[in-house]
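# Analysis of the macromolecular model
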Amino acid sequence: MKQQKKNALISPYPFLDALEANNDRAWFAEHRDEYDTLRAQWISQIQLLIDTMASTYAPELAGVEAKSCLYRIYRDIRFSNDKSPFKTYFSALVSPRGRHFDGACYYIHLGGGNFAENGLYGGVWHPESAVLRKLRKAIVDNSEEFHEIIDNPELKRLFPGWYGERLKTIPKGYDKNHPEAELLKLKEYGRYHHCDRAFFEDPEWPVRAARILAVLKPLNDFLNYSINEEE
């Protein structure tokens, strides 16, 4: 690997591309130094992202350490037919409690296969049934407030549509002609902003990402308030 200039950014994609083509322990061991360098860079970038968010609009993230938000590159292959030992992407879940958080959060995904999932995410993923029921009730009970959030033109532009699983029919307990039927069918309340490779090759991407994710703050706040509200 070429010597990194001060404040320069090493593109992670050559390594991730090569790992995609050589996903085995022997190849990884030979390139461990390259991975360690990129991992250190990733930690530094996520820390800058967290600190920027905390100092501008998300004070609940103050003091959160990037290492607590990062996922390992090693895959859990115990129950998978795919025995490839390594993930081919870097990822981090940003929340007040790092990656161990069940509420609405922010997620950053760099790389992975054809890089279609490259991007910035926010919202609630795979909520338990009880939590999902609370979210649906909150949306119905506070539909005007919720629509004010999700109908924000900037949110629609940067995070178009809902990203995640949904039911084919409206859940039990709601009329099939309910005005919020499409929202009630959602099993996850997630949003996604696609980033191309060039985005993460810009040394200033953590600051740019912080500005983009700011648009999701009202949505995440609504979801977390609804989850934590006592019934």
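Please read these numbers as outputs of a predicted model, since none were measured by experiment.

## Brief notes about helix H1 (residues 13-21)
- Every buried residue belonging to H1 is among Tyr13, Phe15, Leu16 and Leu19, and all of these are buried. Along the long axis of H1, the arc covered by the buried residues comes to 160 degrees, so they all point the same way. Exposed and oriented more than 90 degrees from the buried face of H1 are Pro14 and Ala21.
- Buried residues in H1 make contact with helix H2 (25-30), helix H3 (32-56), strand S1 (89-94), strand S2 (105-111) and helix H8 (197-200).

## Regarding the pairing of S2
- Within S2, 7 of the 7 residues are buried, which leaves the element mostly enclosed by the surrounding structure.
- Pairing of S1 with S2 involves 6 bridges; the strand directions are antiparallel. If you follow Ser91 over to S2, its bridge partner there is His109.

## A closer look at helix H9 (residues 205-213)
- Three or more residues of H9 are buried, namely Trp205, Pro206, Ala209, Ala210, Ile212 and Leu213. Buried residues of H9, viewed axially, fall in a sector of 165 degrees; they line one side.

## Details of the sheet that holds strand S4 (residues 189-194)
- Here 4 strands make up an open sheet; going across it, the order is S1-S2-S3-S4 and the pairing antiparallel. On the outer flanks of this sheet lie S1 and S4, each paired with one strand and no other. Across the sheet, the mean angle from the axis of one strand to that of its neighbour is 15 degrees, orientation sign disregarded.
- As defined by bridge partners, strand S3 (residues 119-124) adjoins S4 across 6 bridges and the pair is classed as antiparallel. Residue pairing across strands places Leu120 opposite His193, the latter belonging to S4.
- Across the sheet, H3 lies against S1 and S2, angled at about 30 degrees from S1, the strand it touches most.

## A look at the packing of H3 against H9
- The interhelical angle for the contact between H3 and H9, taken along N-to-C directions, is 40 degrees, at an axis separation of 8 Å. Comparing the axis directions of H3 and H9 gives the class oblique. Handedness of the crossing formed by H3 with H9: right-handed. Judged by residue contacts, Trp42, Gln45, Ile46, Leu48, Leu49, Thr52 and Met53 of H3 engage Trp205, Pro206, Val207, Ala209, Ala210 and Leu213 from H9.
- Residue composition of the contact of H3 with H9, grouped by class: 11 nonpolar, 2 polar and no charged.

## Considering the environment of Asn23
- Within the secondary structure, Asn23 sits in the loop between H1 and H2.
- Assessed through its relative accessible area of 19%, Asn23 is described here as buried.
- For the pair Asn23 and Ser84, spaced 61 residues apart in sequence, the C-alpha to C-alpha distance is 6.0 Å.
- The contact partners of Asn23, leaving out residues within four places of it in the chain, are Ser84, Pro85, Phe86 and Thr88.
- Here Phe86 takes part through its backbone oxygen, which lies 2.9 Å from a polar atom of the side chain of Asn23.

What counts, and where the lines are drawn
Residues numbered from 1 in each chain as written. Predicted model: local features only at pLDDT ≥ 70, side-chain atom pairs only at ≥ 80, totals over all residues. Heavy atoms only, no water. Buried < 20%, exposed > 50% of the residue type's maximum accessible area, 1.4 Å probe, protein only. Helix = DSSP H or I, 4+ residues; strand = E, 2+ residues; numbered from the N terminus. Arc of directions from axis to C-beta. Contact = heavy atoms within 4.5 Å. Pairing = 2+ DSSP bridges. Axes fitted to C-alpha atoms, helices over the stretch in contact; angles between N-to-C directions. Parallel < 35°, antiparallel > 145°, perpendicular 65-115°, else oblique. Left-handed = near helix turned anticlockwise from the far one by under 90°. Nonpolar A, V, L, I, M, F, W, Y, C, P; charged D, E, K, R; others polar. Polar contact = N/O pair within 3.5 Å; in protein donor to acceptor, adjacent residues only side chain to side chain.

Shape is all these values report; function is a separate question.
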